[in-house]
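# Residue-level structure breakdown
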Amino acid sequence: MAKMHPMKSNQGLHIQPENQRRGYDIHIGSGFINHLSDILNLKDYSSIAVLTDSNLEPLWLKNLTDAFCCYTIIINPGEAQKSIPSLETIWGQLNEHRFDRKAVLINLGGGVIGDLGGFAAATYKRGIDFIQVPTTLLSQVDASIGGKTGINFAGIKNLVGSITQPTAVVVDPLVLKTLSDREFCSGCAEIVKHGLIRDRDYLAEIEDWDFKNSDLARTEEIIRRSIEIKAEIVSADPLEQGLRKILNFGHTAGHAFEALSLGHEKERLLHGEAVALGMIVEAEISRLLGYEDQVAKICDLISKFNLPTKARGPFELDSLIERTRSDKKNVGGTTRWSLLEATGKAIFDIEVKEELVKEAFMRVI
Ligand SMILES: NC(=O)c1ccc[n+]([C@@H]2O[C@H](COP(=O)([O-])OP(=O)(O)OC[C@H]3O[C@@H](n4cnc5c(N)ncnc54)[C@H](O)[C@@H]3O)[C@@H](O)[C@H]2O)c1
Ligand SMILES: [Zn+2]
């Protein structure tokens, strides 16, 4: 069977997941948030709901919804919203307003809104269309692409969810101007990851990128390449049976930090910050296994984006290891790691001795 790859469309990309009937467009451009109804065919929907959070409501909701009629669902911001009560709120409001199967849910927000709203739409009446309008750098380059949706459960990240593709993704770099520096840098962790696992030339570009003084056009170029990399990988392997696992580089250790920090409001790590630590740990594991030593290079890049190279806060080695054991990618109780063989080349499904994992974690705690 011929492999399908993302193609350039008007201003964006098209994702055609391998072996799946329906593909979708990713529209990328500054100011697109004001033109959603020109870019997408919203007229065919029986009703439209927009899910967003109370931070974004005063900033960008009006820009998005000015040109069409919709019902809005506003929730509190934050990772804690990836929960069953939030799902109940969304399902309840869709039901109360008699949303049928021809309705659409537009998710305006970061990865939390995208993951939660995507899962609510994937399950409401066995699935209605949803459109992702990501507003954080992290969600633009990563979370909104590839159809992973879900919530956290029992203290485990994304334990319950689905892989359901959106109908479209609209990426507007302009909305990043209201994002905090800390959140922006969190997104840079995934950009670094994309370079490390797939494209050494792009990684060199990221090293040169003067992100603090970058004009919007340059930022858009960086975003576009990151999206291309993610799109290429998820198109080839939408259900994460193989290649897609390389996107988990930094995430097995990263999710352990992220989950443990959830209970400590003061020490809370953002997703990208946890992934930054996770990438160092997993680069260290790769080095200990004899692959090309990338650790210093990764630490330099992570520092450049003001991301942590040492874990602050009460992280105990045993708790971290315990968390990696509950990782979703594990099979038969064995942790499977996505690691770096060399710059731009990742490998997956690697089993690693626990002693070595412990040694690698010690690099950052
Ligand atoms: N589905 C996937 O493939 C995937 C991939 C990576 C991460 N994720 C998930 O994404 C989540 C993290 O997403 P995130 O980093 O976008 O965080 P987030 O969604 O929590 O957003 C971060 C904060 O920024 C605010 N915000 C968002 N856009 C803004 C803007 N333009 N201006 C001002 N404030 C803005 C939000 O209100 C929130 O307070 C995690 O739950 C993670 O598991 C999912
Ligand atoms: Zn991530």
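Just so it is clear, the model here is predicted, and its values are computed rather than measured.

What counts and what doesn't
Residues numbered from 1 in each chain as written. Chains lettered and ligands numbered in written order. Predicted model: local features only at pLDDT ≥ 70, side-chain atom pairs only at ≥ 80, totals over all residues. Heavy atoms only, no water. 1 Å grid on protein atoms, 1.4 Å probe; cavity = no way out; pocket = protein on both sides within 12 Å on 5 of 7 lines; lining within 4 Å. Points joined across faces, edges and corners; volume = space filled by probe spheres on them. Helix = DSSP H or I, 4+ residues; strand = E, 2+ residues; numbered from the N terminus. Nonpolar A, V, L, I, M, F, W, Y, C, P; charged D, E, K, R; others polar. Salt bridge = Lys/Arg side-chain N within 4 Å of Asp/Glu carboxyl O. Buried < 20%, exposed > 50% of the residue type's maximum accessible area, 1.4 Å probe, protein only. Donors = N, O, S within 2.8 Å, 3.2 Å for Na, K, Ca; no water. Near = heavy atom within 4 Å. Polar contact = N/O pair within 3.5 Å; in protein donor to acceptor, adjacent residues only side chain to side chain. Areas by Shrake-Rupley, 256 points an atom, 1.4 Å probe, with all protein chains shown as cover.

### A word on empty space enclosed by the protein
Under the counting rule described, the total for this entry stands at two cavities of 30 Å³ or more. Considering the residues around the largest cavity, the lining is formed by eleven residues, among which I156, H255, R323, S326 and D327 are closest to the centre. Of all the secondary structure elements, the ones that give two or more residues to the lining of the largest cavity are β9 (156–163) and α9 (251–262). Residue contributions to the lining of the largest cavity peak at four residues, all from α9. Taken together, the residues that form the lining of the largest cavity break down as three nonpolar, four polar and four charged. There is about 60 Å³ of room inside the second largest cavity. Along the walls of the second largest cavity sit N107, G109, G110, G111, G114, D115, Q132, V133, P134, S139, A143 and S144, which together make up its complete lining. Residue assignment for the lining of the second largest cavity shows that the elements contributing at least two residues are β6 (104–109), α4 (111–123), β7 (129–134) and α5 (137–143). Split into classes, the residues belonging to the lining of the second largest cavity amount to three nonpolar, eight polar and one charged.

### Some remarks on the pattern of salt bridges
The full count for this structure, using the stated rule, is 24 salt bridges. When the shortest N-O distance is used, the salt bridge between R325 and E322 registers 2.6 Å. Residue R325 and its partner E322 are both found in helix α12 (residues 317–325); the two are separated by three residues, about one turn of the helix. R325 gets classed as partly exposed once you look at its relative accessible area, which sits at 38%. A relative accessible area of 47% means that E322 is categorised as partly exposed. Several salt bridges converge on common partners, so that one network encompasses E79, K82, D115, K157 and E258.

### A word on the coordination of the zinc ion (ligand 2)
Every protein donor of the zinc ion (ligand 2) is listed here as E190 (OE), H251 (NE2) and H271 (NE2), and their distances to the metal cover 1.9 to 2.1 Å. A relative accessible area of 6% places H251 in the buried class.

### Quick word on the site of ligand 1
Around ligand 1 sit 26 residues in total, of which D53, E79, T136, K157 and T178 are the nearest. D53 is positioned such that a nitrogen or oxygen atom in its side chain is 2.6 Å from an oxygen atom of ligand 1. At a separation of 3.0 Å, an oxygen atom of ligand 1 approaches a polar backbone atom of V112. Coverage of ligand 1 by the protein amounts to 90% of the 870 Å² it exposes when considered alone. Where the shell around ligand 1 is concerned, the elements lending two or more residues are α2 (57–65), α4, α5 and β9.

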